[in-house]
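One-letter residues, chain by chain:
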Number of protein chains: 2
Amino acid sequence: MKAEIISVGTELLLGNILNTNAKFLSEKLAEMGIDVYYQTTVGDNENRILETTINALKRADILIFSGGLGPTEDDCTKEAVCRAINKKMYLDEKILKSINDFFIDRIMPESNKKQAYVPEGSRILNNDFGTAPGFYIEEDKKILVLLPGPPVELIPMFNNYAIPMLKLQSNLIIKSRIIRTIGVGESLLEEKIADLIHEQTNPTLATYAGRGQVDIRLTAKASSIEAANELLNTMQIELDKRIKEYIYSYNNETIEEVIFKMLNERKLKIGFCESCTAGLITSRIASIPGASRVLERSYITYSNLSKIEEANVSQETLNNYGAVSEETAVEMAKGLLNNSPIDISVSVTGIAGPSGETKDKTVGLAYICLATKERHIVIKNNFNGSRETNRQRFANSAFNLIRKYLLELI
Amino acid sequence: MKAEIISVGTELLLGNILNTNAKFLSEKLAEMGIDVYYQTTVGDNENRILETTINALKRADILIFSGGLGPTEDDCTKEAVCRAINKKMYLDEKILKSINDFFIDRIMPESNKKQAYVPEGSRILNNDFGTAPGFYIEEDKKILVLLPGPPVELIPMFNNYAIPMLKLQSNLIIKSRIIRTIGVGESLLEEKIADLIHEQTNPTLATYAGRGQVDIRLTAKASSIEAANELLNTMQIELDKRIKEYIYSYNNETIEEVIFKMLNERKLKIGFCESCTAGLITSRIASIPGASRVLERSYITYSNLSKIEEANVSQETLNNYGAVSEETAVEMAKGLLNNSPIDISVSVTGIAGPSGETKDKTVGLAYICLATKERHIVIKNNFNGSRETNRQRFANSAFNLIRKYLLELI
């Protein structure tokens, strides 16, 4: 079964709002094993909706419309769809009454009457959160589903009324799993699994890069959830053989969630001494509910003086090696460790850019040190992005260092 | 001029990610006076991209593509577009070298070579943040613009290289101005300017809420930049009369940029003692290039012990009033102020949620204190969002307190 999502609304074409409905509907259809080949967005214009509908009927079995069911004159999805499939509309007294009831303490505006017109032969999808009913139409082996635009109305209507009807159309389960990696670029990762990407058809593999990390999505089709999981598990074992060192989650978690869990399980407290990242790392850890179980304190030592006063970095080290140096990073991490009841201390000092570059220290350079009572490890980063990209990458790099340390990989 | 936006990517059809590129491009095109009639999303499939391109060429003058320019085999936007307009591709040695340079300390994977192929007769759009160049193709009175998918690459490429070329296509100037407010809700703000929103046609006004702030967008159409600016200036004066106290920027700046500028002009140093926001405030200030001119140091005092040890909060205060209290906030701010060479110290202590609530202290409660050598001011927040929303709002509230202090409004 192939589906096409048709989003109606001039506000989408003007870029006023994000099309969250298309994402929601696509995700739900994928879960049901229904392939979406196209998403089309069209304005509140009857002729263009008509054209889009005719076009979609040629290439898809299921058309899901959102928007254009409101009471105003520019709402015309129903009208265009009826023209495309040659159907009339009739006034449904029951719907009219329920719309009337919706206006509890005031009179229904005349324009809302428009919403009580129903395409011939369609089944009505109740709107529990608004006045516009939806419609489910089967016509000439095609299915057309009309949903209202506001997500608060569309989501429950689709979940509660449309999905049960659509499920009867599909007998395949599609299940996805997101495997997340860190510390490796997209092309290098792909090289290691190129044969799987190209030759595997069930599950399929695809890579996605973002925020300085690469995700791998596995998608399996099967007749049951168990069978789909079995396919995913087998592929996961294969991936582990090749790239296990980079994988931090098989479960769509963020790197900070994974670090939080590992620290929490091991009952370890952490603190950060941040210079160029300036609270970004600590804040990402603190975004997780319950962060206080692992996070004790951090210093943001932006000035040289604060590095000396708070983290006990020596003036001599700063003079001899500079604030962005391996030596300073080590003293920062150790200084915080000695000052506080934490088990792991992590420092970052670098040049986020765009200025601040010197002859031998370029934008994107950072030193990251992880120190415990027993040992310390320093790594060097050399990135070349914008200020924000560099700061996020420094943070990811620090998280990856913590992960590797906790897994005893370094 | 009519445009069509074509988003390429199977991850969009699977509902894995939101199509923020289509919104961004639509908004930018609208600002240039270019109408978008359709947005189409298609998967990483050469034949379907080809079909979509041929279809779009029939109904639009400008086609903007995003995605499918990567190094992997399923990236095939360039190939499909070249088939649609009957163009060959050649290997561009200069691009190949710049991609090579991108891999500073490792060897370019062979697959990236694919990105150095250029459609005949196209102009190259530099990618300052990745390896995939974009393309601007004029062919048979149509314009085709090919952009990479990741927003961090697409946005600067479109803004810096594609817009200047596209602007030559339109002869009406559309100029927008974003007026940013803080410390006022959307409905209250709208009440104060409802008549302007409904009656004004040039410029138009619209409000947008996000990240706990409300923006007002003015959009003027005119035959020259000067005439458009004149219309915007007149409306700005009217807005000042009604809501000046909430406006912090007439210029699309963020609140942190405005605070940074004010501190920098006054040569003031600032530091933060953050508990629940845990580095978020400092990090937002540090996201601005040159932040070291105003930012000296911060403490992230997440545990009670760290509040005592770092910020000299007294055990008695914590016992009597709790960590989330006016008294603790004041001691935190004063403690940091006394420890460091800063002019302004700002503390935040609160409950971000979802847990941590007590009988008389609910999630969303925070105390924020601004202290200087001369005085201190405390404000109390009572929000009711998610953990992340609350943390962002606490941060905004702290920034608004600093703004009001610097403007001598409190």
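Thresholds applied
Residues numbered from 1 in each chain as written. Chains lettered and ligands numbered in written order. Predicted model: local features only at pLDDT ≥ 70, side-chain atom pairs only at ≥ 80, totals over all residues. Heavy atoms only, no water. Helix = DSSP H or I, 4+ residues; strand = E, 2+ residues; numbered from the N terminus. Rg over C-alpha atoms; globule rule 2.2 N^0.38 Å. Buried < 20%, exposed > 50% of the residue type's maximum accessible area, 1.4 Å probe, protein only. Contact = heavy atoms within 4.5 Å. Areas by Shrake-Rupley, 256 points an atom, 1.4 Å probe, with all protein chains shown as cover. Lys, Arg positive; Asp, Glu negative; His and termini not counted. Charge placed at Lys NZ, Arg CZ, Asp CG, Glu CD. Pairing = 2+ DSSP bridges. Core = buried A, V, L, I, M, F, W, Y, C linked by side-chain atoms within 4.5 Å. Polar contact = N/O pair within 3.5 Å; in protein donor to acceptor, adjacent residues only side chain to side chain. Buried area = accessible area lost by both parts, 1.4 Å probe. Salt bridge = Lys/Arg side-chain N within 4 Å of Asp/Glu carboxyl O. Nonpolar A, V, L, I, M, F, W, Y, C, P; charged D, E, K, R; others polar. Disulfide = S-S within 2.5 Å. 1 Å grid on protein atoms, 1.4 Å probe; cavity = no way out; pocket = protein on both sides within 12 Å on 5 of 7 lines; lining within 4 Å. Points joined across faces, edges and corners; volume = space filled by probe spheres on them.

A closer look at the overall build of chain A
Step number 1: Tallying secondary structure elements over chain A gives 14 helices and 17 strands in all.
Step number 2: For 410 residues, the compact-globule estimate of 2.2 N^0.38 gives 22 Å, and chain A exceeds it by more than 25% at 28 Å.
Step number 3: If you line up chain A on its principal axes, its C-alpha atoms span 85 × 50 × 40 Å.
Step number 4: The proportion of buried residues among the 410 residues of chain A is 56%.
Step number 5: The contacts of chain A with a sequence gap of at least 6 include a subset with a gap of at least 24, amounting to 66%.
Step number 6: In the structure as shown, chain A presents an accessible area of about 17,300 Å², 49% of it carried by carbon and sulfur atoms.
Step number 7: One way to put it: in chain A the 48 positive side-chain charges average out to a point 2 Å from where the 53 negative ones average out.

A word on the pairing of strand E1 (residues 2–8) of chain B
All names here are of chain B.
Step number 1: E1 sits mainly inside the fold: six of its seven residues count as buried.
Step number 2: The sheet contact formed by E1 and strand E3 (residues 62–66) spans five bridges and is parallel. Bridged to Ile6 within E3 is Phe65.

Some thoughts on the nonpolar core
Step number 1: Formed by 75 residues in total, the largest nonpolar core has its most connected members in Ile344(A), Val346(A), Ile402(A), Val346(B) and Ile402(B).
Step number 2: The next biggest cluster of nonpolar side chains, apart from the first, holds 38 residues, and it includes Tyr299(A), Tyr367(A), Val313(B) and Leu337(B).

Some details on the side chain of Ser26(A)
Step number 1: In this structure, Ser26(A) sits in helix H2 (residues 20–31).
Step number 2: A distance of 2.7 Å separates the side chain of Ser26(A) from the backbone oxygen of Ala22(A), its partner in a polar contact.
Step number 3: Those residues in contact with Ser26(A), other than ones at most four positions away along the chain, are Ile5(A), Val36(A), Gln39(A), Leu12(B), Leu13(B), Leu14(B) and Gly15(B).

Considerations on the interface of chain A and chain B
Step number 1: Opposite the 70 residues of chain A that make contact, chain B presents 72 residues.
Step number 2: In this assembly, chain A packs against chain B so that about 5,800 Å² is buried in total across both faces, 52% of it on carbon and sulfur atoms.
Step number 3: Our enumeration of links across chain A and chain B arrives at six salt bridges.
Step number 4: Across the pair Arg297(A) and Glu310(B) runs a salt bridge, and its minimum N-O distance is 2.7 Å.
Step number 5: The interface formed by chain A and chain B holds 35 residue pairs in polar contact (both at pLDDT 80 or more) in total.
Step number 6: The residue makeup of the side of chain A that touches chain B, split by class, is 25 nonpolar, 30 polar and 15 charged.
Step number 7: Strand direction decides the pairing type here: strand E2 (residues 35–42) of chain A and strand E2 (residues 35–42) of chain B, joined by five bridges, are antiparallel. By the bridge assignment, Gln39(A) is partnered in E2(B) with Thr41(B).

Remarks on the state of the cysteines
Residues and elements named next belong to chain B.
Step number 1: On inspection of all chains with the given rule, the structure shows zero disulfides over all chains.
Step number 2: For the unlinked cysteine Cys276, the closest cysteine sulfur is that of Cys273, found at 11 Å.
Step number 3: Given the relative accessible area of 4%, Cys276 is considered buried.
Step number 4: With no disulfide partner, Cys369 has as its closest neighbouring cysteine sulfur the one in Cys273, 10 Å distant.

Quick look at the side chain of Gln213(A)
All names here are of chain A.
Step number 1: Take Gln213: it is sitting in strand E11 (residues 213–222).
Step number 2: On the accessibility criterion, Gln213 (7% relative accessible area) is buried.
Step number 3: A distance of 2.5 Å separates a polar atom in the side chain of Gln213 from a polar atom in the side chain of Tyr248.
Step number 4: A polar contact of 3.2 Å, which involves the side chain of Gln213, links it to the side chain of Asn396.
Step number 5: Residues within four places of Gln213 in sequence aside, it is in contact with Thr181, Ile182, Tyr208, Tyr248, Ile255, Arg284 and Asn396.

Quick look at empty space enclosed by the protein
Step number 1: Throughout the structure, instances matching the rule amount to two cavities of 30 Å³ or more.
Step number 2: The calculated volume of the largest cavity comes to roughly 150 Å³.
Step number 3: Along the wall of the largest cavity there are 17 residues; nearest its centre are Asn19(A), Gln39(A), Asn19(B), Ala22(B) and Gln39(B).
Step number 4: Mapped by element, the contributors of at least two residues to the lining of the largest cavity are H2 and E2 of chain A together with helix H2 (20–31) and E2 of chain B.
Step number 5: Grouping the amino acids of the lining of the largest cavity by side-chain chemistry returns eight nonpolar, seven polar and two charged.

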